[in-house]
Amino acid sequence: KAGVTQTPRYLIKTRGQQVTLSCSPISGHRSVSWYQQTPGQGLQFLFEYFSETQRNKGNFPGRFSGRQFSNSRSEMNVSTLELGDSALYLCASSLDGTPQETQYFGPGTRLLVL
Amino acid sequence: GESVGLHLPTLSVQEGDNSIINCAYSNSASDYFIWYKQESGKGPQFIIDIRSNMDKRQGQRVTVLLNKTVKHLSLQIAATQPGDSAVYFCAESIQAGTALIFGKGTTLSVSS
């Protein structure tokens, strides 16, 4: 089975721009979660989608949003980019997104905001 | 093997030694714990997990120990190899949600 894939792998943007990142979960997985990884804050939960609905949300501003499509693929969007948004954005998928279910991560999209 | 009682950001061991990486988790309501390994340029890779109704679980060359009394988790790697060099994260999950709360990570360096 193919793993979680994320595109693009690398991205450079300037302050004020917006960006859209894409995640394709493992085939058959219906839950997709997004995390932000920075050297200072570590790995932080952004949000989780299941059946095209956001079920959980972390403590991030409204500039961070996402959606999920009927084929379980997910996108996250960051508007009005700030320098502090530079990070590795990781997507993880699991079968049904139930508690105590293993989440499998993709390679991440590295975003640099100049 | 080398063992640390508190979380340290780095751990250096010799090839063949046993490694012990420690993690203190934050929430007494957490009931599922996972260890991930992250190599440079890659996403976290699942190693082993444990549920709160257990205190020990073994995998291939790895053992996870859970002490709920002091909210402590450890990962033991037997016969550490250079390929084990990576950053190791513990993560916890609370029953009601699916968000994983990650620890700070320990960089394991294995020299041959």
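Quick summary incoming for the structure in this document. In every chain, residue numbers begin from 1 and rise along the written sequence. All chains are assigned letters beginning with A, and all ligands numbers beginning with 1, in the order in which they are written. Per-residue local features are limited, in this predicted model, to residues with pLDDT of at least 70; the limit for side-chain atom pairs, both in listing and counting, is 80 or more; totals at the level of whole chains, interfaces and linings are taken over all residues. Side-chain figures throughout are based on the complete set of non-hydrogen atoms in the structure, without hydrogens or water.

Below, the discussion takes up the overall build of chain B. In terms of helices and strands, chain B carries zero helices and 10 strands. Secondary structure is summarised from DSSP: a helix means a run of H or I of at least four residues, a strand means a run of E of at least two, and numbering begins at the N terminus for each. The N-to-C order of helical and strand elements in chain B reads β-β-β-β-β-β-β-β-β-β. For chain B, the C-alpha radius of gyration of 13 Å lies close to 13 Å, the compact-globule estimate for 112 residues. Dimensions of chain B, computed from C-alpha atoms along their principal axes, come out at roughly 45 × 30 × 25 Å. Within chain B, the proportion of its 112 residues that are buried is 43%. All accessibility values rest on the Shrake-Rupley procedure with a 1.4 Å probe; residue burial counts only the protein chains present in the view. Accessible surface computed for chain B: about 5500 Å², of which carbon and sulfur atoms make up 48%. For the purpose of charge, His is not counted, nor are the chain termini; Lys and Arg are scored as positive and Asp and Glu as negative. For charged residues, the charge sits on one atom: NZ in Lys, CZ in Arg, CG in Asp, CD in Glu. Charged side chains in chain B number 9 positive and 9 negative. The centres of these two groups are separated by 5 Å. Radius of gyration here uses only the C-alpha atoms, and the compact-globule reference equals 2.2 Å multiplied by the residue count raised to the power 0.38. Burial here depends on accessible area, computed with a 1.4 Å probe over protein chains only, as a share of the maximum for the residue type. Under 20% is buried, over 50% is exposed, and the range in between is partly exposed.

Turning our attention to the side chain of Ser33(A). Tracing the backbone through its elements, the reader meets Ser33(A) in strand β4 (residues 31–38). Ser33(A) gets classed as buried once you look at its relative accessible area, which sits at 1%.

With that settled, the discussion passes to the state of the cysteines. Here, two cysteine sulfur atoms that lie within 2.5 Å of each other are counted as a disulfide. One pass over the structure, following the stated rule, counts two disulfides over all chains. The disulfide partner of Cys23(A) is Cys91(A), and the S-S distance across this bridge is 1.7 Å. Disulfide Cys23(A)-Cys91(A): torsion about the S-S bond near -40°, hence left-handed. Residue Cys23(A) is found in strand β3 (residues 19–24), and its partner Cys91(A) is found in strand β9 (residues 87–94); the two are separated by 68 residues along the sequence. With respect to class, Cys23(A) is no different from Cys91(A); both count as buried. Through a disulfide, Cys23(B) is tied to Cys90(B); the S-S separation comes to 1.6 Å. Here Cys23(B), found in strand β2 (residues 19–24), pairs with Cys90(B), found in strand β8 (residues 86–94); they are 67 residues apart in sequence, far enough to count as distant. Exposure class is identical for Cys23(B) and Cys90(B). Each is buried.

Further remarks concern the sheet that holds strand β5 (residues 56–58) of chain B. In a beta sheet, neighbouring strands are held together by backbone hydrogen bonds and run either parallel or antiparallel to one another. Residues and elements named next belong to chain B. Whether two strands pair comes down to DSSP finding at least two bridges between them. Reading across from one edge, β2-β7-β6-β5 is the order of the four strands in this open sheet, with antiparallel pairing throughout. Two strands lie at the open edges of the sheet, namely β2 and β5, each paired on one side alone. On average, each strand axis in the sheet is inclined to that of its neighbour by 15°, with strand direction left out of account. Summarising the sheet, strand β6 (residues 62–67) and strand β7 (residues 72–77) pair through six bridges and their orientation is antiparallel. Among the inter-strand pairings, Leu65 is bridged to a residue of β7, identified as Ser74. Think of each axis as a best-fit line through the C-alpha atoms, taken over the contacting stretch in the case of a helix, with angles from 0 to 180 degrees between the N-to-C directions.

Glancing now at the nonpolar core. Residue and element names in this part refer to chain A. Take the buried residues of types Ala, Val, Leu, Ile, Met, Phe, Trp, Tyr and Cys, join any two whose side-chain atoms come within 4.5 Å, and each joined set is a nonpolar core. Trp34, Leu46, Phe64, Met76 and Tyr89 are the most contacted members of the largest nonpolar core, which has 21 residues in total. Of all the elements in the fold, those that place two or more residues in this core are β3, β4, β5 (42–50), β8 (74–78), β9 and β11 (109–113). Residue contacts are defined here by distance: any two heavy atoms, one from each residue, within 4.5 Å place the two residues in contact. Other than its neighbours up to four places away in sequence, Tyr89 contacts Gln6, Leu21, Tyr35, Gln36, Leu46, Phe64, Met76, Gly108, Thr109 and Leu111.

This part is about the layout of surface pockets. Both site types are read off a 1 Å grid over the protein atoms alone. A 1.4 Å probe that fits but cannot get out defines a cavity, while an open set with protein on both sides within 12 Å along at least five of seven lines defines a pocket; lining residues have an atom within 4 Å of a point. Grid points are joined across faces, edges and corners, and a volume is the space filled by probe spheres set on the points. In this structure, the largest pocket spans a volume of roughly 490 Å³. Lining the largest pocket are 26 residues, and of these Gln37(A), Thr38(A), Pro39(A), Gly40(A) and Gly42(A) sit closest to its centre. Those elements that place two or more of their residues in the lining of the largest pocket are β2 (10–13), β4, β5, β9 and β11 of chain A together with β8 of chain B. Each residue gets one of three labels, nonpolar for Ala, Val, Leu, Ile, Met, Phe, Trp, Tyr, Cys and Pro, charged for Asp, Glu, Lys and Arg, and polar for the others, Gly among them. Residue classes in the lining of the largest pocket are distributed as 12 nonpolar, 10 polar and four charged. Within this model, the second largest pocket holds a volume of roughly 220 Å³. Lining the second largest pocket, in full, are Lys37(B), Gln45(B), Phe46(B), Ile47(B), Gln60(B), Arg61(B), Val62(B), Ile77(B), Asp84(B) and Tyr88(B). Broken down by element, the residue count for the lining of the second largest pocket peaks at three residues, all from strand β4 (residues 45–51) of chain B. In terms of residue class, the lining of the second largest pocket is built from five nonpolar, two polar and three charged.

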